[in-house]
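Chain by chain, the residues:
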Amino acid sequence: MYRHILIPTDGSALAMTAEKQGLDFAKAIGATVTLLTVHEPFHVFTLETDMLTDSPEIYKNHAKKQAKAILAKCETLAKERNLSYDTLDVEADFPYEAIIATAKKKKCDLIAMASHGHGGVKAVILGSETQKVLAHSSIPVLVYR
């Protein structure tokens, strides 16, 4: 069946719930997992409040620190389940593209993710990353609600 599952997360409550379910599924079928978080690079014109108030260097440090914290929670969950796992933080303008590219690069045969992540104005304007992954991925996608 599936041998390597990519589990992307943005650290939101729904994403963490989906991550736990994805990890439980991986454990049940004996799959390896790659835990991924994607942060956007600094932009002068943006909807992200952090980018409006921070310098590029401060933003980058904050984004890396936040990604490290998200992945630390992921690692704890994977260790609790005695799973073979890898973690990855990627900087990309379009998270859905980074998710698909990472799945291909890591030779994942399934992407397991939440139906949606962080919300707000950004989500309304940019749309759901999950919808974009579903629309563009040739790799099967398991969506948790």
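One can find the structure itself at the top, above this paragraph.
Residues numbered from 1 in each chain as written. Predicted model: local features only at pLDDT ≥ 70, side-chain atom pairs only at ≥ 80, totals over all residues. Heavy atoms only, no water.

A look at the overall build of the protein
Looking only at helices and strands, the protein features six helices and five strands. What you see in the protein, going N to C, is helices and strands ordered as β-α-β-α-α-β-α-β-α-α-β. In the protein, once contacts between residues fewer than 6 apart in sequence are set aside, the share between residues at least 24 apart is 76%. Looking at the protein as shown, the accessible area adds up to about 8100 Å², and 55% of this sits on carbon and sulfur atoms. (Helix = DSSP H or I, 4+ residues; strand = E, 2+ residues; numbered from the N terminus. Contact = heavy atoms within 4.5 Å. Areas by Shrake-Rupley, 256 points an atom, 1.4 Å probe, with all protein chains shown as cover.)

Side note on the environment of Lys-73
One can find Lys-73 in helix 3 (residues 56–80). When its relative accessible area of 53% is taken as the criterion, Lys-73 is described as exposed. Placed 62 residues apart in sequence, Lys-73 and Gly-11 show a C-alpha to C-alpha distance of 8.8 Å. (Buried < 20%, exposed > 50% of the residue type's maximum accessible area, 1.4 Å probe, protein only.)

Some points on the pattern of salt bridges
Applying the stated criterion across every chain, the model contains five salt bridges. Between Lys-64 and Asp-89 there is a salt bridge, with its nearest N and O atoms 3.3 Å apart. In this pair, Lys-64 sits in helix 3 while Asp-89 sits in strand 3 (residues 85–91), placing the two residues 25 residues apart along the sequence. Given a relative accessible area of 40%, Lys-64 falls into the partly exposed group. Take Asp-89: its relative accessible area is 22%, and that puts it in the partly exposed class. Measuring nitrogen to oxygen at the nearest pair gives 3.8 Å for the salt bridge that ties Lys-132 to Glu-129. Highlighted residues: Lys-132 and Glu-129, both in helix 6 (residues 129–136), separated by three residues, approximately one helical turn. Connected through salt bridges with shared partners, the residues Asp-24, Glu-80 and Arg-81 form a single ionic network. (Salt bridge = Lys/Arg side-chain N within 4 Å of Asp/Glu carboxyl O.)

Focus: the nonpolar core
Core analysis: the largest hydrophobic core is formed by 20 residues, its most contacted members being Ile-5, Ile-7, Leu-23, Ala-26, Val-33 and Leu-35. Elements represented by at least two residues in this core include exactly strand 1 (4–8), helix 1 (13–29), strand 2 (32–39), helix 3 and strand 4 (110–114). Contact partners of Leu-35, with chain neighbours within four places excluded, come to Ile-7, Glu-19, Leu-23, Leu-71, Cys-74, Glu-75, Ala-78, Tyr-85, Asp-86, Thr-87 and Leu-88. Core analysis: the next-biggest nonpolar cluster, separate from the first, contains 11 residues, Leu-36, Ile-99, Ala-103 and Ile-111 among them. (Core = buried A, V, L, I, M, F, W, Y, C linked by side-chain atoms within 4.5 Å.)

Describing the packing of helix 1 against helix 3
Axis separation between helix 1 and helix 3 bottoms out at 10 Å; the angle between their running directions is 30°. As the angle between them shows, helix 1 and helix 3 are arranged roughly parallel. The crossing of helix 1 and helix 3 is right-handed. Contacts from Met-16, Glu-19, Lys-20 and Leu-23 in helix 1 reach Lys-73, Cys-74, Leu-77 and Ala-78 in helix 3. A per-class count over the contact of helix 1 with helix 3 returns five nonpolar, no polar and three charged. (Axes fitted to C-alpha atoms, helices over the stretch in contact; angles between N-to-C directions. Parallel < 35°, antiparallel > 145°, perpendicular 65-115°, else oblique. Left-handed = near helix turned anticlockwise from the far one by under 90°. Nonpolar A, V, L, I, M, F, W, Y, C, P; charged D, E, K, R; others polar.)

As for helix 1
Each α-helix winds once per 3.6 residues, and so residues spaced three or four apart point in a common direction. Between its first and last C-alpha, helix 1 extends 25 Å over 17 residues, near the 24 Å set by a 1.5 Å rise per residue. On the buried face of helix 1, the contacting elements are strand 1, strand 2, helix 3, strand 4 and strand 5 (141–144). Note on helix 1: the residue one or two positions beyond its end, Gly-30, has a positive phi of about 75°. (Expected span 1.5 Å × (residues − 1).)

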